[in-house]
Amino acid sequence: PAAEEILREVGLDEQGDTQMFHTKNVLRRIQKYMPYRTGATIKLTIAQTDIHEPYIVTDTVYAKRLFDGMTAEGKPLHYTKIKNPQAGPHWDLALVAAEGEALTADLQRYIARRGK
């Protein structure tokens, strides 16, 4: 079978149930690595992310600077760590570094349960 067919069979195609599970899991886990002062950016990310798509979305005018960790003048941002001690730039990479194995295990368990 073609690769697309195999991905569809295990729900890993875009909008498949396994893809939705993984996107939702990443969205839940990534929040602790995101900047948090008022919580607005995280709430916006939750609202803008469609779990039917394989992307986490934070679409605001300031999101790129927060994500890159640089001010408009090119100076490093200092993140408030009171609410999210692990907050910093490139929260996607921080999540994978800290919880990549757990994300993989969650996905493997989901696929195994799905096959039963």
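Rules and cut-offs
Residue positions are given per chain, counted from 1 along the sequence in the order it is written. Reporting of local features is limited, given that this is a predicted model, to residues whose pLDDT is at least 70; pairs of side-chain atoms are given and counted only at 80 or more, and all residues count toward the totals for whole chains, interfaces and linings. As a convention, hydrogens and water are excluded, and side-chain values are obtained from all of the structure's heavy atoms. pLDDT expresses how confident the predictor is about each individual residue, on a scale running from 0 to 100. Strands here mean DSSP runs of E at least two residues long; helices mean DSSP runs of H or I at least four residues long; both are numbered from the N terminus. Space inside and on the surface of the protein is sampled on a 1 Å grid over the protein atoms alone, with a cavity defined as a set of points where a 1.4 Å probe fits but cannot get out and a pocket as an open set with protein on both sides within 12 Å along at least 5 of 7 lines; lining residues have an atom within 4 Å of a point. Grid points are joined across faces, edges and corners, and a volume is the space filled by probe spheres set on the points. Put simply, Ala, Val, Leu, Ile, Met, Phe, Trp, Tyr, Cys and Pro go in the nonpolar bin, Asp, Glu, Lys and Arg in the charged bin, and everything else, Gly too, in the polar bin. Here a polar contact is recorded for every N or O atom pair within 3.5 Å, except that within protein the pair must consist of a potential hydrogen donor and a potential acceptor, and residues adjacent in sequence are included only if both atoms are side-chain atoms. Here a residue-residue contact requires only that any non-hydrogen atoms of the pair lie within 4.5 Å. Categorising residues by exposure relies on relative accessible area from a 1.4 Å probe, with only protein chains included: less than 20% of the type maximum marks a residue as buried, more than 50% marks it as exposed, and the intermediate range marks it as partly exposed. In what follows, salt bridge is the name for a side-chain nitrogen of Lys or Arg lying within 4 Å of a carboxyl oxygen of Asp or Glu. When the centres of two rings from Phe, Tyr and Trp lie within 6.5 Å, Trp using its six-membered ring, the rings pair. Their planes under 30 degrees apart give stacked, over 60 give edge-to-face, and anything left gives tilted.

### What about the confidence of the model for the chain?
(1) Moving on: In this model, the chain carries a mean pLDDT of 92, and residues with pLDDT of at least 70 account for 96%.
(2) Moving on: For the chain, the element scoring lowest by mean pLDDT is helix H1 (residues 3–9), at 76; helix H3 (residues 40–48) scores highest, at 97.

### Things to note about the layout of surface pockets
(1) Moving on: Estimated volume of the largest pocket: approximately 380 Å³.
(2) Moving on: Lining the largest pocket are 17 residues, and of these Pro-35, Arg-37, Thr-41, Tyr-62 and Leu-66 lie nearest its centre.
(3) Moving on: Where the lining of the largest pocket is concerned, the elements lending two or more residues are H3 and helix H4 (63–68).
(4) Moving on: When its volume is computed, the second largest pocket comes out at roughly 220 Å³.
(5) Moving on: Around the second largest pocket, the lining is made up of 13 residues, and of these Val-26, Ile-30, Ile-56, Asp-92 and Leu-95 lie nearest the centre.
(6) Moving on: For the lining of the second largest pocket, the per-class residue count stands at eight nonpolar, four polar and one charged.

### Digging into the side chain of Thr-58
(1) Moving on: Within the fold, Thr-58 resides in the loop between H3 and H4.
(2) Moving on: One polar contact links Thr-58 to Thr-45, side chain to side chain, over a distance of 2.6 Å.
(3) Moving on: With sequence-adjacent residues up to four places away left out, Thr-58 is seen in contact with Met-34, Thr-41, Thr-45, Gln-48 and Ala-63.

### Some words on the environment of Thr-49
(1) Moving on: Structurally, Thr-49 is set in the loop between H3 and H4.
(2) Moving on: On the basis of relative accessibility, which here comes to 9%, the residue Thr-49 falls in the buried class.
(3) Moving on: Sequence-distant contacts of Thr-49, that is, excluding residues within four places in its chain, are made with Thr-23, Leu-27, Tyr-55, Ile-56 and Val-57.
(4) Moving on: Only 2.8 Å separates the side chain of Thr-49 from the backbone oxygen of Thr-45, close enough to count as a polar contact.
(5) Moving on: Looking at Thr-49, its side chain comes within polar contact range of the main-chain nitrogen of Val-57, at 2.9 Å.

### Comments concerning the pattern of salt bridges
(1) Moving on: All chains considered together, the criterion is met by six salt bridges.
(2) Moving on: Lys-64 serves as the salt-bridge partner of Asp-68, at 2.7 Å between the closest nitrogen and oxygen. Pair noted here: Asp-68 and Lys-64 are both in helix H4, with a separation of four residues, about one helical turn.
(3) Moving on: Residue Asp-68 is classed as partly exposed on the basis of its relative accessible area, which comes to 26%.
(4) Moving on: For Lys-64, a relative accessible area of 59% corresponds to the exposed category.
(5) Moving on: Through salt bridges with shared partners, a single network forms among Arg-29, Lys-32, Glu-99, Asp-106 and Arg-109.

### Remarks on the packing of aromatic side chains
For any pair of aromatic rings, geometry is given as the distance between the ring centres together with the angle between the planes.
(1) Moving on: Evaluation of the coordinates by the stated rule reveals two aromatic pairs.
(2) Moving on: On the numbers, 4.4 Å between centres and 10° between planes, the contact of Phe-21 with Tyr-110 is stacked. One end of the pair, Phe-21, is in helix H2 (residues 17–30); the other, Tyr-110, is in helix H5 (residues 91–114), with 89 residues separating them in the sequence.
(3) Moving on: Using a relative accessible area of 22% as the deciding quantity, one classes Phe-21 as partly exposed.
(4) Moving on: By relative accessible area, which is 17% here, Tyr-110 ends up buried.
(5) Moving on: The interplanar angle of 90° and the centroid separation of 5.0 Å between the aromatic rings of Phe-67 and Trp-91 together place this pair among those described as edge-to-face. On the criterion of sequence distance, the pair formed by Phe-67 in helix H4 and Trp-91 in helix H5 is long-range, its members being 24 residues apart.

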